[in-house]
Amino acid sequence: MKTFLLTILLITSTYILAGGPWLEKKKSGYFQFQTTLPVTSYNRLFLSGNKQLDLNRSAIDINFQAYLEYGITDQLNLIAVLPFKYISTGSEQSQLTNPTLLPNGNLSGIGNYKIALKQQILNKKLKVAVSLQSSFKPINHVLEKGLITGYNANSIGLYTHIGKSFSKRTYSFIEGGFNTVSNDFSDFYEIHYEIGYQFKNSVWGAFTLDLRESLRNGSYRNENLRQTGFYTNDQEYFSFGFKSSYELKTKLGFSAAVFGAFTGNYVAYMTTFSLGIYKKW
């Protein structure tokens, strides 16, 4: 089976909010700023059934994201995610695969920002939490060029988070939920699994699996967005990832990640990497 690298954060409005079933204590928190950069532009999308779609123009997607998790109480956390996007389409490909050639251009702006509340319901050796997550659409778009900085829809989802620390150095959790989406977009569900290990006192590494599946019950369709791969309906993926972090004694830390995937639908064929800086208090 073919594998490919894609930008999971391209789909930020559906990204499962980080942290698993572990919550920040009252008045404690975690803030991260992260950027995801492509190694190069892309000119292909993956479609269901191991198919591919060649694009008329090359495209590029750069994502900047601020993430905050704050302890309202020991059992209730507030989470907020604010993405900022820069996207563009560039050179015309040598062989056009679609009779309609869109003008090239670029666009920047806020993506789908998210707010969530996470409640812990079991805090023993096995940790369990639930969260209610909402995504909103203060997006920019120039649809005649196939450019948009987020999904043209709002969503709300209910998630369950289950995990356990097997030792001081090893943890694992799984979380997933169902989202209902407005504006004739399809509803979807997603599942995230993560296992992590502490190599040294300040260095962590983790392996992840992510699944997003559309119910394909929405009628929204924009052919221009399907020419660029920017936030069209029915995007799906089954992906894997590697993450690492290094934390100083001051609780200032640095993170890096790379993601790959086994299958996808209307997601970009490109190599990306993510770099971040975070602070705990």
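This text follows the structure it describes.
The model shown is predicted, which means the values in this text are computed figures rather than measured ones.

With that out of the way, let us pick up the environment of Asn152. Assignment of secondary structure puts Asn152 in the loop between strand E9 (147-148) and strand E10 (155-165). In this structure the C-alpha to C-alpha distance between Asn152 and Pro99, which are 53 residues apart in sequence, comes to 25 Å. If we skip the residues at most four places from it in the chain, Asn152 touches Lys137, Ile139, Asn183, Phe185 and Tyr220.

Relative to strand E6 (residues 114-123), strand E4 (residues 76-92) runs antiparallel, the two being bridged by six bridges. Bridge pairing in E6 places Ile79 opposite Ala116. Of the pairings in the sheet, the one linking E6 to strand E7 (residues 126-135) comprises nine bridges and is antiparallel in character. Considered in E7, the bridge of Leu117 is made with Leu132. Turn length for the E6-E7 hairpin, with the two strands adjacent in sequence and antiparallel, is two residues.

Within strand E1 (residues 29-38), seven of the ten residues are buried, which leaves the element mostly enclosed by the surrounding structure. Pairing of E1 with strand E3 (residues 51-71), which is carried by eight bridges, proceeds in the antiparallel orientation. Note on E3: the bridge partner recorded for Gly29 is Tyr70. As paired strands, E1 and strand E17 (residues 272-280) are joined by nine bridges and run antiparallel to one another. Along E17, the bridge assignment pairs Gln32 with Tyr278.

The rules we used
- Residues numbered from 1 in each chain as written.
- Predicted model: local features only at pLDDT ≥ 70, side-chain atom pairs only at ≥ 80, totals over all residues.
- Heavy atoms only, no water.
- Helix = DSSP H or I, 4+ residues; strand = E, 2+ residues; numbered from the N terminus.
- Contact = heavy atoms within 4.5 Å.
- Pairing = 2+ DSSP bridges.
- Buried < 20%, exposed > 50% of the residue type's maximum accessible area, 1.4 Å probe, protein only.

So yeah, pure geometry; function would need other evidence.
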